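A closer look at the structure
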Amino acid sequence: MTATSLPSPRLPLPDPMADQGGDAEAGPPPIPALEHPEAIAAGELLARGFPWMRFPRAIEREFHRHGARQRLRHLVISGVLSLLVFNGFLLADWMVAPDVLRQAVQVRLGLFTPVALLVLGFASLWSDLVVRRIPVQVVESIVLVSSVCAAASVAYILSITHSVGSAYYHVGFIVVLTYGNVVQRLRFWYAVVASAAIMAMHLWCATMIPTPEPRLMPPLMTLLLATAFFTLMANHALERDERRRYLLSLRRRHLLQQLDTAHDRLQKISRVDGLTGVFNRHHVQEYLEQAWRRAAHEGSEIAVILIDVDHFKKYNDFYGHQAGDTCLQQVAQAIKGALRRPTDVVARFGGEEFIAVLPSTDAAMASQAAERVRHAVEALQRPHEASDTARVVTASVGVANCRATPVRESSTLVEAADQSLYRAKHAGRNRVVVQRLM
């Protein structure tokens, strides 16, 4: 054999604590398809649209969960602002329905405001609890009820006032409807329900409550109907755009995850020997160089073991290449099993030759590890009728050990292990030869 020199690595080394490969029989794991089912579903929804403002159940649930915190924050802020506007309409109460100003104050400041502040305060102070434990349907229903209650307060004032200007008070329904559909942005179907309820209340007030200006009722009803139509269109467009953005982010997130997974698999495949499932020469070169630098920095010892399957060409010629591949797979797993530390890395070095890098290992420890390797291969009891050494498959093992220093290169350790292996083979094979470099 000739000595082999290892070049310095150019790429970053993966974690040496990681598993050294998949099942030896199966080889490296296959690369998964890049399309995740949710990414496919998102793409289909983007292509065909979602006019009913609903996703499949799993995506719908994730959509609400994903934006729950931001949605709650928007509802709280818009709720506080709308509460200020709601109470600011006491000025309109005083101007349009002064005869029931006291009742308006009681409804706005004495009833609606305390309840609203209690709900908004709870949502603000315990937002984590609301997001985690309260279903989104409950939150949206509370917002819907708040809009309907605000409209109900307008209907109540209209039902008890006798002011000549009470007809103009119907405009309050338009304000409440716009607030719920556009400002608080109720989810579309909740907005439809709230709009229907507000229009029903307005219709009841317009037909059942006498008004000094009956001529104003038809145009006011038409105005409210138009307001409901246009605000629902705006609400639909806002939610559609929000859902579209979510689908785009969902598809992008899954595609990136799949690309990362594929990249990781490709990285692993590029460092794993496809036949035996242990690392390949490229990986062990990098690992040895990194382990050498670390040992030189710490002033610790390091060992390299070279393992060669005895008379493997004769084995291939006698049993066939398929049996030879199976033999190498079993030998690789036997070597891995014989090395007990997670930092000991095994790789296929070429053909029937394997290499093991053992950081923080003195000559005695390396010799013991090499003997375990040799015994593990022999213990496979794999028949080898063509061998001149034994009736079963065996291995010759060369070991080199030294204390790493900055002035010495790691390739010298591999060359020394190669020399030890050469002596082991010429001494009769199926044995271990150890060399310590001074």
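Let me sum up the structure you'll find in this document. (Residues numbered from 1 in each chain as written. Predicted model: local features only at pLDDT ≥ 70, side-chain atom pairs only at ≥ 80, totals over all residues. Heavy atoms only, no water.)

Here we take up the pattern of salt bridges. Counted by the stated rule, this structure contains 24 salt bridges. Where glutamate 60 meets arginine 243, a salt bridge forms, and the shortest distance between an N and an O atom there is 2.8 Å. Taken together, the positions of glutamate 60 in helix α2 (residues 57-66) and arginine 243 in helix α10 (residues 217-271) put the pair 183 residues apart, joining distant regions of the chain. Accessibility classification places glutamate 60 together with arginine 243 in one group, the buried group. In this structure, glutamate 213 and arginine 215 form a salt bridge, with 3.8 Å as the shortest nitrogen-oxygen distance. Relative accessible area serves as the criterion here: at 71%, arginine 215 is assigned to the exposed category. Residues joined by salt bridges that share partners form a network here, namely Arg54, Glu60, Glu239 and Arg243. (Salt bridge = Lys/Arg side-chain N within 4 Å of Asp/Glu carboxyl O. Helix = DSSP H or I, 4+ residues; strand = E, 2+ residues; numbered from the N terminus. Buried < 20%, exposed > 50% of the residue type's maximum accessible area, 1.4 Å probe, protein only.)

Where α2 is concerned, the buried positions are Ile59, Glu60, Phe63 and His64. Looking straight down α2, one finds its buried side chains confined to an arc of 135°; they lie on one side. Exposed side chains of α2 directed beyond 90 degrees from the buried face belong to Arg57, Arg61 and Arg65. (Arc of directions from axis to C-beta.)

Volume-wise, the largest pocket comes out at about 1000 Å³. Phe112, Ala116, Ser146, Ala150 and Tyr179 are, among the 45 residues lining the largest pocket, the residues nearest its centre. Within the residue set of the lining of the largest pocket, elements represented by two or more residues are α3 (68-88), α4 (90-96), α5 (101-125), α7 (136-160) and α8 (171-183). Residue contributions to the lining of the largest pocket peak at 11 residues, all from α7. Here the second largest pocket is characterised by a volume of approximately 550 Å³. Surrounding the second largest pocket, 28 residues form its lining, Glu60, His64, Pro135, Val136 and Gln137 being those nearest its centre. Elements that contribute at least two residues to the lining of the second largest pocket include exactly α2, α3, α6 (127-133), α7, α9 (188-208) and α10. Broken down by element, the lining of the second largest pocket gets its largest block of residues, 6 residues, from α2. (1 Å grid on protein atoms, 1.4 Å probe; cavity = no way out; pocket = protein on both sides within 12 Å on 5 of 7 lines; lining within 4 Å. Points joined across faces, edges and corners; volume = space filled by probe spheres on them.)

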